[in-house]
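Spelled out, the chains give:
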Amino acid sequence: MAVLKLHGTPLSTAAMRALAALYEKELDFELVPVDMKAGQHKSEAFLALNPFGQVPAFEDGDLKLFESRAITGYIAHEYASKGTQLVSPDSKKMAILSVWLEVEAHQFDPHASKLCFEHVFKKMFGMTTDPAVVEELEGKLGKVMDVYEARLTVSKYMSGDCFGLADLHHLPALHYLLGTSSKKLFDSRPHVCAWVADITARPAWGKVIALHKS
């Protein structure tokens, strides 16, 4: 059996998303470090894996993928019999899951990622957080969280009664934001707060965090 390879750095939210899926599926894989400070993600070798020069990139034998959500989707379907069931064979349940996958990608992540940049990544690059931008983004993400609060009032997880791929996709941004003042967006909504506590306590996510800290 071919060795699964994930090229990236555990500091990257996108790479963390793919790592979470690999750990949830209990798959053996090789993490191939990419030194982004040295510009390795723009090297000819890496561009052959991802022509956009962004992490992560993924290999399963002769299959090469990029874009973290495409990678997690492949892992969830190809290795459906392994580990945690992240997708459903039922077409209606899968349709509901697909809705919340889209919500995460197009409603949650655009604001959450920008908040992560303001709170966390700007400091890494020696830049200063802009409080006005943070306030604006929190207002936008807060409206999304109102929708989540309503959803999680009737559903334990985003797509139903079981943890799934839509929940997993939120984890990287949540990890960074929980260490910032924007944590209040989750804490102030009881069902969102319980959901965040639940999914961030998963053993597979704990392995991602351990790798992140190392």
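For the structure itself, look to the data block above.
Calculation notes
Residues numbered from 1 in each chain as written. Predicted model: local features only at pLDDT ≥ 70, side-chain atom pairs only at ≥ 80, totals over all residues. Heavy atoms only, no water. Helix = DSSP H or I, 4+ residues; strand = E, 2+ residues; numbered from the N terminus. Buried < 20%, exposed > 50% of the residue type's maximum accessible area, 1.4 Å probe, protein only. Polar contact = N/O pair within 3.5 Å; in protein donor to acceptor, adjacent residues only side chain to side chain. Contact = heavy atoms within 4.5 Å. Disulfide = S-S within 2.5 Å.

Draft legend 1. Layout of the side chain of His7. Examined against the element boundaries, His7 turns out to sit in strand β1 (residues 4-8). Given the relative accessible area of 10%, His7 is considered buried. A distance of 2.7 Å separates polar atoms of two side chains, one belonging to His7 and the other to Glu59. Not counting chain neighbours up to four residues away, the residues in contact with His7 comprise Val32, Val34, Phe46, Leu49, Val55, Pro56, Ala57 and Glu59.

Draft legend 2. Highlighting unusual backbone geometry. Here the residue pair Val55 and Pro56 is connected by a cis peptide bond, since its omega of 5° sits within 30 degrees of zero. By secondary structure assignment, the location of Pro56 is in the loop between α2 (44-47) and β3 (57-60). The residue Glu26 is not glycine, and still its phi comes out positive at about 55°. One can find Glu26 in the loop between α1 (13-24) and β2 (29-33). We classify Glu26 as exposed; its relative accessible area is 63%. In this structure, Glu67 takes a positive phi of about 75° despite not being glycine.

Draft legend 3. Representation of the state of the cysteines. Taken as a whole, this structure holds zero disulfides when the rule is applied. Counting only cysteine sulfurs, Cys116 is the nearest neighbor of Cys193, a cysteine outside any disulfide, at a range of 18 Å.

Read these as layout, nothing more, since geometry by itself doesn't imply function.
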